[in-house]
Amino acid sequence: MCFVGIAYTDVVGALSINFWLWMIPVFAVAAIILEWSRYIKGDIDGFHFIRQQILHWTAVFIAVKVIFILLQLGRLPNNATAFVLMMVMSLSTFLAGIYIGWRFLVLGVFIAIATIIAAYLETYVWILIPVVIFIVAMGIYMGWREFKSLSARIVS
């Protein structure tokens, strides 16, 4: 999704704000779903975890809004804005991974590496989109399979 965001931000600039702002709840919901199994097992306090996620992703939301203010003021060009936004998503995903699990750590590192690669290969970013879609689909599949397995064990 971040690669799509790079291309979209390069083309439409400040109009891409909704795309980036919608990515934040997607990441937040993914984090909550991945950690829900630990909550069901009783490993974590649900209230503390949800509060932590809300605060974390709200801070990311505010950071994205500030970046777009800088874009609208002419302080950031479109192409640089996309890379700054990807680094914010990378850092926030990595930091979320510190307290929710290794999957988000790996995803944060992947987004950072992908940002660097995309910066060097910006004209080829469209080639990387199918690879990213495949990786995300595999991650969703693995998370769903683990969630179903855990749910089946709890019901049994």
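Residues numbered from 1 in each chain as written. Predicted model: local features only at pLDDT ≥ 70, side-chain atom pairs only at ≥ 80, totals over all residues. Heavy atoms only, no water.

Draft legend 1. Quick peek at helix α4 (residues 78-100). For α4, spanning 23 residues, the distance from its first C-alpha to its last is 32 Å, which sits close to the expected 33 Å at 1.5 Å a residue. What α4 keeps buried is the set Thr81, Ala82, Phe83, Leu85, Met86, Met89, Ser90, Ser92, Thr93, Ala96, Gly97 and Ile100. Note on α4: the residue one or two positions beyond its end, glycine 101, has a positive phi of about 140°. (Helix = DSSP H or I, 4+ residues; strand = E, 2+ residues; numbered from the N terminus. Expected span 1.5 Å × (residues − 1). Buried < 20%, exposed > 50% of the residue type's maximum accessible area, 1.4 Å probe, protein only.)

Draft legend 2. How the structure looks around the packing of helix α2 (residues 17-41) against α4. The N-to-C vectors of α2 and α4 enclose an angle of 15°; their axes lie 12 Å apart at closest approach. Classified by the angle between their axes, α2 and α4 sit roughly parallel to one another. Between α2 and α4 lies a crossing whose hand is right-handed. The segment α2 lies against α4, with Trp20, Met23, Ile24, Phe27, Ala31, Glu35 and Arg38 engaging Ala82, Leu85, Met86, Met89, Thr93, Tyr99 and Ile100. Residue classes in the contact of α2 with α4 are distributed as 11 nonpolar, one polar and two charged. (Axes fitted to C-alpha atoms, helices over the stretch in contact; angles between N-to-C directions. Parallel < 35°, antiparallel > 145°, perpendicular 65-115°, else oblique. Left-handed = near helix turned anticlockwise from the far one by under 90°. Contact = heavy atoms within 4.5 Å. Nonpolar A, V, L, I, M, F, W, Y, C, P; charged D, E, K, R; others polar.)

Draft legend 3. Broad picture of the confidence of the model for the chain. For the chain, the average pLDDT comes to 81, and 85% of its residues sit at 70 or higher. Element-level pLDDT for the chain is lowest in helix α1 (residues 2-12), with a mean of 62, against a maximum mean of 89 in helix α3 (residues 46-72). (pLDDT = per-residue confidence, 0-100.)

Draft legend 4. Fine view of the packing of aromatic side chains. Applying the stated criterion across every chain yields a total of two aromatic pairs. Relative to tryptophan 20, the ring of phenylalanine 19 lies with its centre 5.6 Å away and its plane at 90°, an arrangement referred to as edge-to-face. Here phenylalanine 27 and tryptophan 57 contribute two aromatic rings whose centre-to-centre distance is 6.2 Å and whose plane-to-plane angle is 50°, an arrangement assigned as tilted. With phenylalanine 27 in helix α2 and tryptophan 57 in helix α3, the pair connects residues that are 30 residues apart, well separated along the chain. Each of the two residues, phenylalanine 27 as well as tryptophan 57, counts as buried. (Phe/Tyr/Trp six-rings, centres within 6.5 Å; stacked < 30°, edge-to-face > 60°.)

Draft legend 5. Looking closely at the environment of leucine 107. Within the secondary structure, leucine 107 sits in helix α5 (residues 102-120). Accessibility expressed as a relative area gives 27% for leucine 107, which makes it partly exposed. For the pair formed by leucine 107 and valine 136, sequence separation is 29 residues and the distance between their alpha carbons is 9.3 Å. Setting aside residues no more than four positions away along its own chain, leucine 107 makes contact with Phe27 and Thr93.

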